[in-house]
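For reference, the chains in residue letters:
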Amino acid sequence: MIRLAIFAALAVVAFAAADDALAAGSCRPTRDGKDRMEMSGGCPSGYVVRGACCESVRPISQPTGAYTCPAGTMLRLGACVPRP
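To start, this report covers the structure provided alongside it. (Residues numbered from 1 in each chain as written. Predicted model: local features only at pLDDT ≥ 70, side-chain atom pairs only at ≥ 80, totals over all residues. Heavy atoms only, no water.)

**Observations regarding the environment of Met-74**
Stage number 1. By the element assignment, Met-74 lies in strand β4 (residues 73–76).
Stage number 2. By relative accessible area, which is 19% here, Met-74 ends up buried.
Stage number 3. Once the C-alpha coordinates of Met-74 and Pro-84 are considered, the two residues, ten residues apart in sequence, prove to be 9.3 Å apart.
Stage number 4. Contacts of Met-74, omitting those with residues within four sequence positions, involve Cys-69, Ala-79, Cys-80, Val-81, Arg-83 and Pro-84. (Helix = DSSP H or I, 4+ residues; strand = E, 2+ residues; numbered from the N terminus. Buried < 20%, exposed > 50% of the residue type's maximum accessible area, 1.4 Å probe, protein only. Contact = heavy atoms within 4.5 Å.)

Take a look at the structure:
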């Protein structure tokens, strides 16, 4: 009986981990060049809600050279956006 309970608990943990992994990879850039990121509370300006993701309103141009963003932001497809 104990073995069955342990097996069931491990199955639940494995399923939850697989579900989280699938959700984490679902916010990929679109084919038309729009950036997508996971939503954490809300979307930054210039982004709209699309399912569980934030999608940029317009295509983002790719960076042409080395570029750094200010503190508290990160570079996403050529634009500095707030860190989640």
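Moving on from the coordinates now.
**Side note on the state of the cysteines**
Stage number 1. Taken as a whole and assessed by the stated rule, the structure comprises three disulfides.
Stage number 2. Note on cysteine connectivity: Cys-27 is disulfide-linked to Cys-53, with sulfurs 2.0 Å apart. Since a negative S-S torsion denotes a left-handed disulfide, the Cys-27-Cys-53 link at about -90° is left-handed. You can see Cys-27 sitting in the loop between α1 (2–24) and β1 (36–38) and its partner Cys-53 sitting in strand β3 (residues 53–56), a full 26 residues away along the chain. Note on accessibility: Cys-27 and Cys-53 belong to one class, buried.
Stage number 3. Residue Cys-69 pairs covalently with Cys-80 via a disulfide, S to S 2.1 Å. Between Cys-69 and Cys-80 the sulfur-sulfur dihedral comes to about -85°; the bridge is accordingly left-handed. A residue pair is termed long-range when its members are at least 10 positions apart, and Cys-69 in the loop between β3 and β4 and Cys-80 in strand β5 (residues 79–82) qualify at eleven residues. (Disulfide = S-S within 2.5 Å.)

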